[in-house]
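These are the residues of each chain, in order.
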Amino acid sequence: QVQLVESGGGLVQTGGSLRLSCAASGRTFSSYSMGWFRQTPGKEREFVATFSYDGGTTYYADSVKGRFTISRDNGKNTGYLQMNSLKPEDTAVYYCAAGRAILPVNRYGFTYWGQGTQVTVSS
């Protein structure tokens, strides 16, 4: 019962920052954990970060710890991924997702997916 739309991707230089947004439909967003994944051609979709629905717990992939921050505004039905100190290896299509698991950390914990937004980091 959730539709997700990502925005905020673009082209940045190494060391730059971007903030991705994930707009959710309806008024049930607060009942779902939300997360971010990324994918490059020929690679499996990679977990990036998650934010639980039950009390503000977050979890990050080792590759982005200290650089990325996941947040959510349930009043706006929107999730965010703040990306700082970007590297060329961060280049990917980024997807937001929602699911009912308490703290999902892989794609099997999510039911609903956005269409993706391209992030390109130039060297």
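Residues numbered from 1 in each chain as written. Predicted model: local features only at pLDDT ≥ 70, side-chain atom pairs only at ≥ 80, totals over all residues. Heavy atoms only, no water.

## With respect to the overall build of the chain
The helix and strand inventory of the chain stands at zero helices and 11 strands. Going from N to C terminus, the chain has its helices and strands arranged as β-β-β-β-β-β-β-β-β-β-β. In terms of overall size, the chain behaves like a compact globule, its C-alpha atoms giving a radius of gyration of 13 Å where 123 residues would be expected to give roughly 14 Å. Along the first, second and third principal axes, the C-alpha set of the chain runs to 40 × 25 × 25 Å. Residues counted as buried form 43% of the 123 residues belonging to the chain. Long-range pairs, those at least 24 residues apart, make up 60% of the contacts in the chain with a sequence separation of at least 6. (Helix = DSSP H or I, 4+ residues; strand = E, 2+ residues; numbered from the N terminus. Rg over C-alpha atoms; globule rule 2.2 N^0.38 Å. Buried < 20%, exposed > 50% of the residue type's maximum accessible area, 1.4 Å probe, protein only. Contact = heavy atoms within 4.5 Å.)

## Section: a nonpolar patch on the surface
On the surface, a nonpolar cluster with roughly 330 Å² of combined accessible area is contributed by Y59, I102, L103 and V105. Mapped onto the fold, Y59 is located in strand β6 (residues 58-60). (Patch = residues over 30% accessible without salt bridge, like charges linked within 9 Å, V, L, I, M, F, W, Y side chains within 5 Å. Areas by Shrake-Rupley, 256 points an atom, 1.4 Å probe, with all protein chains shown as cover. Salt bridge = Lys/Arg side-chain N within 4 Å of Asp/Glu carboxyl O.)

## Quick notes on the side chain of T50
Within the secondary structure, T50 sits in strand β5 (residues 46-51). A polar contact of 3.3 Å, which involves the side chain of T50, links it to the backbone oxygen of M34. Among the polar contacts listed, one links the side chain of T50 to the backbone oxygen of P104, at a separation of 3.0 Å. In contact with T50, not counting residues within four places along its chain, are M34, G35, T57, T58, Y59, I70, L103, P104, V105 and F110. (Polar contact = N/O pair within 3.5 Å; in protein donor to acceptor, adjacent residues only side chain to side chain.)

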